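Now for the letters of each chain:
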Amino acid sequence: QSQLVESGGGLVQPGGFLNLSCAASGFTLDHYAVGWFRQAPGKEHERVSCIDSGDGGTHYDDSVKGRFTISRDNSKNTVYLQMNSLKPEDTAVYYCATAWGNCRPADGMEYWGKGTLVTVSS
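Conventions used here
- Residues numbered from 1 in each chain as written.
- Predicted model: local features only at pLDDT ≥ 70, side-chain atom pairs only at ≥ 80, totals over all residues.
- Heavy atoms only, no water.
- Core = buried A, V, L, I, M, F, W, Y, C linked by side-chain atoms within 4.5 Å.
- Buried < 20%, exposed > 50% of the residue type's maximum accessible area, 1.4 Å probe, protein only.
- Helix = DSSP H or I, 4+ residues; strand = E, 2+ residues; numbered from the N terminus.
- Contact = heavy atoms within 4.5 Å.
- Pairing = 2+ DSSP bridges.
- Axes fitted to C-alpha atoms, helices over the stretch in contact; angles between N-to-C directions.
- Disulfide = S-S within 2.5 Å.

The next point concerns the nonpolar core. Residues Trp36, Phe68, Val79, Leu81, Met83 and Tyr94 are the most contacted members of the largest nonpolar core, which totals 26 residues. Those elements that provide at least two residues to this core are strand E3 (18-25), strand E4 (32-39), strand E5 (46-51), strand E7 (68-73), strand E8 (78-83), strand E9 (92-100) and strand E11 (116-120). The element best represented in this core is E3, accounting for four residues. Residue contacts for Tyr94: discarding those within four places in its chain leaves Glu6, Leu20, Trp36, Phe37, Arg38, Val48, Phe68, Leu81, Met83, Gly115, Thr116 and Val118.

And the structure:
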């Protein structure tokens, strides 16, 4: 069975850091773009970051530029999101999702994990 499983969420204080992982099973990620999306209560679904399959180009929402870094390790079939300098506004459920080829908006991503909760609070 093909699955995406997110991990690494939790409770951190403002200014802290977390590293999220998106592990694929049942298929390989190297031909897929992989994006991180989040949804906070009362807010729209937001694309946080994405990494293309071809040239490995990366994309970041303006709200996380300079703080978050997306990367992939094909040998582990895993994509990561390193989150630094976390803010309360980053609190959300974080999802990873895939699309064949290049990055797309949320409605263009085909396969989704179930999410991991990130809470940034003092």
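Taken in spatial order, the four strands line up as E1-E3-E8-E7 in an open sheet, and their pairing is antiparallel. Looking along the sheet, the strands with just one partner apiece sit at the ends: strand E1 (3-7) and E7. Each neighbouring strand pair of the sheet contributes to a mean axis angle of 15 degrees, computed without reference to strand direction. Direction of pairing for E3 relative to E8: antiparallel, over a ladder of six bridges. Among the inter-strand pairings, Ser21 is bridged to a residue of E8, identified as Tyr80.

Bringing the state of the cysteines into the picture now. Among covalent bonds in proteins, the disulfide is the one between the sulfur atoms of two cysteines. Scanning all chains against the criterion turns up two disulfides. What pairs with Cys22 in a disulfide is Cys96, and their sulfur atoms sit 2.1 Å apart. As the torsion about the S-S bond is roughly 70 degrees, the Cys22-Cys96 disulfide counts as right-handed. In this pair, Cys22 is assigned in strand E3 and Cys96 in strand E9, connecting sequence segments 74 residues apart. Taken individually, Cys22 and Cys96 each receive the classification buried, so the pair is uniform in this respect. Across the disulfide from Cys50 sits Cys103; the S-S distance is 2.1 Å. Of note, the bridge from Cys50 to Cys103 carries an S-S torsion of about -100 degrees and is left-handed in sense.

In this structure, Thr98 sits in strand E9. Look at Thr98 and you get buried, because its relative accessible area is 0%. Here Thr98 is in contact with Leu4, Leu29, Tyr32, Ala33, Val34, Met109, Glu110 and Tyr111, once residues within four sequence places are set aside.

A word on the pairing of E9. Burial within E9 is extensive, with seven of its nine residues counted as buried. In this sheet, E9 lies alongside E4 in antiparallel orientation, the contact comprising eight bridges. Residue pairing across strands places Gln39 opposite Val93, the latter belonging to E9. For E9 and E11, the ladder comprises three bridges, and the chain directions are antiparallel. Bridged to Val93 within E11 is Leu117. By the bridge criterion, two bridges tie E9 to strand E10 (residues 111-112) in an arrangement that is antiparallel. Across the sheet, Thr98 pairs through a bridge with Tyr111, a residue of E10.

Read these as spatial facts, not as claims about activity.
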